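Listed here are the chains, written in short residue letters.
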Amino acid sequence: MILLATLLLVVLALAGLPLFVALGGGSLLLAANGSLDSALLIIELNRLASSPNLIAIPLFTLAGVLLAAGGAPQRLIRLFNAMLGWLPGGIAIVTLTVCAFFTSFSGASGVTILALGGLLFPLLTKAQYPEKFSLGLLTTSGSLGLLFPPSLAILLYGIVAGVNIDDLFLAGIVPGLLLMLILAAYALVVGIRFKVPRREYSSQHLWKTIRASAGDIALPVFLITGIFGGFVTISEAAAATVIYVLLLETLIHRSLSIKTQFYPVLIDATVLAGSILIILGMAMGLTNLLIDAQLPMHLLDWIEDRVSSPLQFLLLLNVFLLVVGAMMDIFSATVVVIPLILPLAQRFGIDPIHLGIIFLANLEIGYCTPPVGMNLFIACQRFQKPVILLFLSTLPFLLLMLLWLLLVTYFPVLSLWWRS
Amino acid sequence: MLSYLITFRNGLISIENLLAAASLLLILLLVALQIFSRNLFDIGLPNIDTLSRQLVLFIIFFGSMLAIERRQHITIDIICSLCPASRRPLFRFLNLVAVGICTIFTFSAMRFWKDAWQYASPSEHWQVLIGLIIPAGFMLLSLHFFLSVILGPDRITYKMTAP
C-alpha cells in the first residue's frame with residue numbers, strides 16, 4: 001500500500017505537483033510506515049530557524065532582484081563591451097562575463113536568461129555571430145556564475161552539508177574561472193572562424209563606462225573583503241550587500257524608485273526565496289526519516305560491494321549527478337541528494353568541499369541537458385525557438401563543460417589549492 | 001459565487017504581499033541594526049538573531065503562498081514538459097492532492113505548536129508565539145491550493161512583478 005502511494009506520488013511529482021508538496025507527501029508516508037507522529041516533521045522545519053546562515057538566502061536574493069530592477073545588467077554589458085568587445089570573440093566573452101557576474105547574485109533561477117537574454121541576443125546576432133552559437137552561448141551562460149560568491153547554490157550546499165560557507169566560496173573561484181576561460185577560448189575561436197567584425201577600442205569610452213558602473217564592479221570586491229577579511233558574517237554580508245545595492249540604485253544611479261518599485265521587488269524576492277526554502281524545510285524532515293531508516297548505510301553497503309576505488313566512485317557519482325541535474329533543479333537536488341551522497345563520498349575519502357564543487361559543477365551542466373534542463377525551457381520561452389534547436393546549439397558548450405567537469409573532479413587541487 | 005471567491009483570493013494575496021514584504025524588510029533592518037551596534041558601540045543586541053531567524057519562517061510561508069498564485073513553485077514537471085496538453089486536465093487534481101497533504105501538515109503543526117507552548121519556559125513564549133506561523137502557514141497554503149481547485153487553471157493569476 002505504502003509502495004503504491006509512493007509510486008503515485010512520484011508520478012504526480014513528474015506531472016508537476018510542486019516539489020515541496022511531493023517531498024512533504026513522501027515524508028508523511030515514511031512517517032506512517034514507521035508509525036511515527038508526523039509532528040516530528042514539523043520539528044525539522046522549525047529547526048531551520050536555528051541555522052544562522054539561512055538569513056543570507058532571502059537577503060542575497062533581494063540584492064539580486066534589486067540589481068536586476070535597477071538596470072545593473074545594462075550597465076555591466078556596456079562596461080564589459082568597452083573592456084573586452086575589441087577582442088576576437090569579444091561580445092561573446094562579454095556575454096560570458098556579464099552572465100556569470102549576474103548569476104552569482106541572482107542565483108541560477110533563470111533570471112539571467114530572462115533579464116539578459118533579450119539584451120544580449122540581438123547584440124550577438126547584430127555582431128554577426130551565428131544564431132546557433134548565440135543561442136547556445138546564452139542558454140549555457142544562464143548558470144555560469146554558480147560557483148562564484150555569493151551564489152545561493154553554494155550557500156544552500158553549505159547549509160545542507162554543514163560545511164563552512166567561506167571555504168566553499170574560496171573553493172569555487174578557480175573552477176569557476178577555469179570554465180570561463182575554456183568557454184572564452186571557444187568564443188575566440190568562433191569569432192576568428194566566422195570573421196566576426198571587432199569593435200574599435202576606445203580608452204575614452206572605457207573610462208566613461210567604468211565611471212558609470214564603478215559601484216557595480218566594486219560590489220564583489222566589497223563582498224569578498226567583508227567575508228574573507230573577517231569583518232562580517234555571511235548573513236551580515238548579505239544585509240550589507242542589500243543596503244549597498246539599495247543606496248547605489250536609488251541615490252547614485254537613481255534607477256530605482258523606492259516609492260513605486262521597492263515594494264514589488266521585496267515581494268519578488270520573498271517569492272523566489274520562499275519557493276526555495278520551503279523545499280529545504282520539507283526535505284529536512286524526509287532526509288531525517290531516510291537516515292532513521294538507514295537508507296544511506298544500505299546505499300553505502302551496496303556501492304562498497306561494487307565500487308572499490310575513489311576514482312570509480314567519482315565516475316559513478318558524475319554520471320548519477322548528471323542525470324539528477326537533467327531532472328531536477330539545483331536547489332531541490334541539493335536538499336534531496338546531498339544528505340544521501342555525503343556519507344558515501346566521505347567513505348571514499350572525498351573532501352566535502354570538493355564534493356560540493358563537483359556537485360554544483362554537475363548540476364550547472366544539468367541545467368542545459370535534456371529532457372528537463374531548466375535553461376533549455378527558459379531560453380525556449382525567451383527566444384521563441386524550439387527546444388531541439390536550443391539543445392543542438394548548446395551541444396558544443398556541453399562537451400566543453402564535460403571536459404571541465406573531468407578536470408574539476410579528478411584534480412581536487414583546483415578546488416582545494418588554498419588549503420596548502 | 002466565483003467572483004466572490006476571486007475577490008476573496010485577491011484580498012488575501014494583498015495582505016500576504018504586505019506581510020511578505022514587511023518580513024523581509026524587518027530581517028534586513030534587524031541584521032543592519034546588529035552590524036551597526038556591534039561595530040559602532042561594541043554591543044550585540046540580545047534576541048535580534050533569534051528574531052530574524054524566526055522571521056525567515058514568515059518568508060518561507062508567505063513566499064510559498066504567493067508562489068502558488070504566480071505558479072512559480074519549483075516542479076520537476078517532466079510529463080507536462082513533454083506533453084503540454086496534459087497540463088490543463090491535471091491542474092485541479094494536482095492541487096487537490098496538495099490540499100490533502102498541506103491539511104495533514106496543518107494538524108501536525110498544531111500538535112507541535114501546542115507541545116512547544118506547554119514545554120517552553122515563560123522567557124521563550126514569545127518565540128513560540130512567532131512559531132504560530134507554521135500551523136497558520138500550512139493552513140493558508142491549503143487554502144490557496146483549495147482556491148486553485150475551485151477556480152481552475154483559467155482564472156487570472158494575481159501577479160506583481162518588479163518592473
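As the structure is a computational prediction, the values presented were derived from the model and not from experiment.

(A) Here's a closer look at the nonpolar core. Leu-59 and Phe-359 of chain A together with Phe-138 of chain B are the most contacted members of the largest nonpolar core, which totals 199 residues. The element best represented in this core is helix α13 (residues 262-292) of chain A, accounting for 18 residues.

(B) Quick look at the interface of chain B and chain A. Chain B puts 58 residues into the contact, and the matching count from chain A is 66 residues. Both faces combined, the contact of chain B with chain A buries some 5500 Å², and carbon together with sulfur accounts for 79% of it. The interface formed by chain B and chain A includes three salt bridges. Close ionic contact of Asp-268 of chain A with Arg-70 of chain B constitutes a salt bridge, the shortest N to O distance being 2.7 Å. Our enumeration of links across chain B and chain A arrives at eight residue pairs in polar contact (both at pLDDT 80 or more). Sorting the residues of the side of chain B that touches chain A by element identifies α1 (2-41), α2 (48-70), α3 (78-82), α4 (87-119) and α6 (133-151) of chain B as the ones contributing at least two each. Ranked by residues supplied to the side of chain B that touches chain A, first place goes to α1 of chain B with 14 residues. Residue composition of the side of chain B that touches chain A, grouped by class: 40 nonpolar, 13 polar and five charged.

(C) The arrangement of unusual backbone geometry in detail. All names here are of chain A. Each neighbour pair has its own omega, and for Pro-149 with Pro-150 the value is 5 degrees, a cis peptide bond. Mapped onto the fold, Pro-150 is located in the loop between α8 (131-141) and α9 (152-161). The phi angle at Gln-128 is positive, at roughly 75 degrees, despite the residue not being glycine. Inspection of the secondary structure assignment puts Gln-128 in the loop between α7 (111-126) and α8.

Parameters and conventions
- Residues numbered from 1 in each chain as written.
- Chains lettered and ligands numbered in written order.
- Predicted model: local features only at pLDDT ≥ 70, side-chain atom pairs only at ≥ 80, totals over all residues.
- Heavy atoms only, no water.
- Core = buried A, V, L, I, M, F, W, Y, C linked by side-chain atoms within 4.5 Å.
- Buried < 20%, exposed > 50% of the residue type's maximum accessible area, 1.4 Å probe, protein only.
- Helix = DSSP H or I, 4+ residues; strand = E, 2+ residues; numbered from the N terminus.
- Contact = heavy atoms within 4.5 Å.
- Buried area = accessible area lost by both parts, 1.4 Å probe.
- Salt bridge = Lys/Arg side-chain N within 4 Å of Asp/Glu carboxyl O.
- Polar contact = N/O pair within 3.5 Å; in protein donor to acceptor, adjacent residues only side chain to side chain.
- Nonpolar A, V, L, I, M, F, W, Y, C, P; charged D, E, K, R; others polar.

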